[in-house]
Amino acid sequence: MLVLVTYDVSFDSENGKRRLRQIAKICQDYGIRVQYSVFECDVDPAQWIKFKQQLFNVYDKEVDSLRFYKLGKNGQKKIEHHGAKPSFDLFKDVIIL
């Protein structure tokens, strides 16, 4: 299932920069960064549960925000890209090292 994950982390609260780095690292483990705080993630149901829990363990629900857009199995067909960053196909163009 393709999920678009977005987040906003407050720097006004304690450990904001640390939480931002941790959330970005977790998202990188599951997907590809397409904008600074936006990731496209292809996960199965079990991965999705684990992924969300890891994010919930880090973010501060009082000041931070997490948003999930579930695009489904055919989500790649729903994406239209324009602008500066080159577009890629999450299912074909990814190289894992």
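Whatever comes next refers back to the structure up there.
Described below are features of the structure shown in this document. Note that this is a predicted model, so its numbers are computed, not measured.

### Comments concerning helix 1 (residues 16-30)
Part 1 of the argument: Here helix 1 contains 15 residues, and its C-alpha end-to-end distance of 22 Å stays within 8% of the 21 Å for a straight helix at 1.5 Å per residue.
Part 2 of the argument: Looking at helix 1, one finds that the buried residues are Gly16, Arg19, Ile23, Ala24, Ile26, Cys27 and Tyr30. The arc that holds the buried residues of helix 1, viewed along the axis, is 160°, so those residues lie on one side. Opposite its buried face, helix 1 presents the exposed residues Lys17, Arg21 and Asp29, each directed more than 90 degrees away.
Part 3 of the argument: Tucked into the core, helix 1 has its buried residues touching strand 1 (2-8), strand 2 (31-35), strand 3 (38-42) and helix 2 (45-58).

### A closer look at the environment of Tyr7
Part 1 of the argument: Positionally, Tyr7 belongs in strand 1.
Part 2 of the argument: Using a relative accessible area of 7% as the deciding quantity, one classes Tyr7 as buried.
Part 3 of the argument: For the pair Tyr7 and Leu55, spaced 48 residues apart in the sequence, the C-alpha separation amounts to 9.9 Å.
Part 4 of the argument: Not counting residues within four places of it along the chain, the set of residues in contact with Tyr7 comprises Leu20, Ile23, Ala24, Cys27, Arg33, Tyr36, Ser37, Phe39, Ser65 and Leu66.

### Here's the deal with the packing of aromatic side chains
Part 1 of the argument: Taken as a whole and assessed by the stated rule, the structure comprises six aromatic pairs.
Part 2 of the argument: Consider the rings of Tyr30 and Phe51, whose centres lie 4.4 Å apart with planes at 20°: the pair is stacked. With Tyr30 in helix 1 and Phe51 in helix 2, the pair connects residues that are 21 residues apart, well separated along the chain. Residues Tyr30 and Phe51 agree in their burial class; the two are buried.
Part 3 of the argument: Arranged with centres 5.1 Å apart and planes meeting at 85°, the rings of Trp48 and Phe68 form a pair that is edge-to-face. One end of the pair, Trp48, is in helix 2; the other, Phe68, is in strand 4 (residues 65-72), with 20 residues separating them in the sequence.
Part 4 of the argument: Accessibility expressed as a relative area gives 6% for Trp48, which makes it buried.
Part 5 of the argument: An aromatic cluster is defined as three or more aromatic residues linked by ring pairs; in this entry it consists of Tyr30, Trp48, Phe51, Phe56, Tyr59 and Phe68.

### So, helix 2
Part 1 of the argument: Along its 14 residues, helix 2 runs 21 Å from first to last C-alpha, staying within 8% of the 20 Å computed at 1.5 Å per residue.
Part 2 of the argument: On its buried face, helix 2 sits against strand 1, helix 1, strand 3 and strand 4.
Part 3 of the argument: Here helix 2 starts with a cap whose side-chain oxygen sits 3.1 Å from the backbone nitrogen of Ala46, and that cap is Asp44.

What counts and what doesn't
Residues numbered from 1 in each chain as written. Predicted model: local features only at pLDDT ≥ 70, side-chain atom pairs only at ≥ 80, totals over all residues. Heavy atoms only, no water. Helix = DSSP H or I, 4+ residues; strand = E, 2+ residues; numbered from the N terminus. Expected span 1.5 Å × (residues − 1). Buried < 20%, exposed > 50% of the residue type's maximum accessible area, 1.4 Å probe, protein only. Arc of directions from axis to C-beta. Contact = heavy atoms within 4.5 Å. Phe/Tyr/Trp six-rings, centres within 6.5 Å; stacked < 30°, edge-to-face > 60°. Polar contact = N/O pair within 3.5 Å; in protein donor to acceptor, adjacent residues only side chain to side chain.

Everything listed is a geometric property; what it means functionally is a separate question.
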